[in-house]
Amino acid sequence: MAQRNTVQLSIVEQALHELANHPTAEQVYLHVHKSYPTIGKATVYRALNKLASTGRAGKVLVTSGADRFDHLTFGHYHVRCTTCGRVDDVSVLLPEDLDQQAAASSGFQIDARTLLFEGLCPGCVKAAKKEGCCA
C-alpha cells in the first residue's frame, strides 16, 4: 500500500530541508508554526517520524537529549557538542567490513549501524579557552 503524501507531511519535509541543521522536532515545529499557525505539534512530530521511517529523512538518536532529524538521507555520521548540543555531519571512512567484524564478534546479524561522536564544537572550545578552562 502506498504511503499518503499529505500536505502536512510535505510542509514538514520542506521545513526540514530549509533548516538543514539537524533540528529537534520542537525546532521543526516552531519553524513550521510561523507560516502555518494552525498545525499541531503532534502532527509535526508524527510527520517527522514518518519521514524517518520511510527513508525520506534521517533520525539522529541522541541519548542525552532530544533526537535530531536530518534532511540528508545517505549514509553518514554525526558529531554532537556536549556543551551546546550542536549536531553536525562528519565524514569518516570506516573499514568496509565493519559490519562483518561486528557480526563475527557478537554473533548478531547486523542490519544497521549508527555512530555519534561527542565532544566540544569549535565555538565551545573557543569559549572554554577564553574563560581559561580545560579545552
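Throughout what follows, the structure given in this document is the object of discussion. (Residues numbered from 1 in each chain as written. Predicted model: local features only at pLDDT ≥ 70, side-chain atom pairs only at ≥ 80, totals over all residues. Heavy atoms only, no water.)

Attention shifts here to helix α1 (residues 7-19). Residues separated by three or four positions in an α-helix point in the same direction, a consequence of the helix having 3.6 residues per turn. With 13 residues, α1 extends 18 Å from end C-alpha to end C-alpha; this agrees with the ideal 18 Å at 1.5 Å per step. All of the buried residues along α1 are Leu9, Ile11, Val12, Glu13, Ala15 and Leu16. Against α2 (25-35), α3 (41-53) and β2 (68-70) lie the buried residues of α1. Ala20 occupies a position one or two residues after α1 and carries a positive phi of about 45°. (Helix = DSSP H or I, 4+ residues; strand = E, 2+ residues; numbered from the N terminus. Expected span 1.5 Å × (residues − 1). Buried < 20%, exposed > 50% of the residue type's maximum accessible area, 1.4 Å probe, protein only. Contact = heavy atoms within 4.5 Å.)

Here the focus is the sheet that holds strand β4 (residues 87-90). Each strand in a sheet pairs with its neighbour through backbone hydrogen bonds, running either in the same direction (parallel) or in the opposite one (antiparallel). The three strands are arranged β4-β3-β5 in an open sheet whose pairing can be described as mixed. If you trace the sheet from one side to the other, it starts and ends with β4 and β5 (116-119), each paired once. Direction aside, the axes of adjacent strands within the sheet are offset by 30° on average. The sheet contact formed by strand β3 (residues 77-81) and β4 spans four bridges and is antiparallel. From the neighbouring strand, Val79 faces β4, where its bridge partner is Asp88. (Pairing = 2+ DSSP bridges. Axes fitted to C-alpha atoms, helices over the stretch in contact; angles between N-to-C directions.)

In this section: the environment of His31. Following the sequence through the fold, His31 ends up in helix α2. In the structure, His31 is positioned 12 residues away from Leu19 in sequence and 8.2 Å away in space, judged by C-alpha atoms. Setting aside residues no more than four positions away along its own chain, His31 makes contact with Ala15, Glu18 and Leu19.

Another aspect to go through is the nonpolar core. Counting residues in each nonpolar core, the largest one holds 17 residues, and the members touching the most others are Val12, Leu16, Val28, Val32, Val44, Leu48 and Phe69. For this core, the secondary-structure elements that each account for two or more residues are α1, α2 and α3. Beyond its immediate sequence surroundings of up to four residues, Val44 is in contact with Val12, Ala25, Val28, Tyr29 and Ile39. (Core = buried A, V, L, I, M, F, W, Y, C linked by side-chain atoms within 4.5 Å.)

In this structure the tally under the stated criterion is five salt bridges. Note that Arg56 and Glu13 form a salt bridge whose closest N and O atoms lie 2.5 Å from each other. Placement of Arg56 in the loop between α3 and β1 (58-60) and of Glu13 in helix α1 is noted, with a sequence separation of 43 residues between them. Residue Glu13 is classed as buried on the basis of its relative accessible area, which comes to 18%. The salt bridge involving Arg86 is made with Asp88; its shortest N-O contact spans 2.7 Å. (Salt bridge = Lys/Arg side-chain N within 4 Å of Asp/Glu carboxyl O.)

Enumeration according to the criterion identifies zero disulfides in this entry. Here Cys121 stays unpaired: no disulfide links it, and the sulfur of Cys124, its closest cysteine neighbor, is 3.6 Å away. Lacking any disulfide linkage, Cys124 is separated from the closest cysteine sulfur, that of Cys81, by 3.6 Å. Its relative accessible area of 14% is what places Cys124 among the buried residues. (Disulfide = S-S within 2.5 Å.)

Such coordinate-based values are descriptive only and should not be taken to indicate function.
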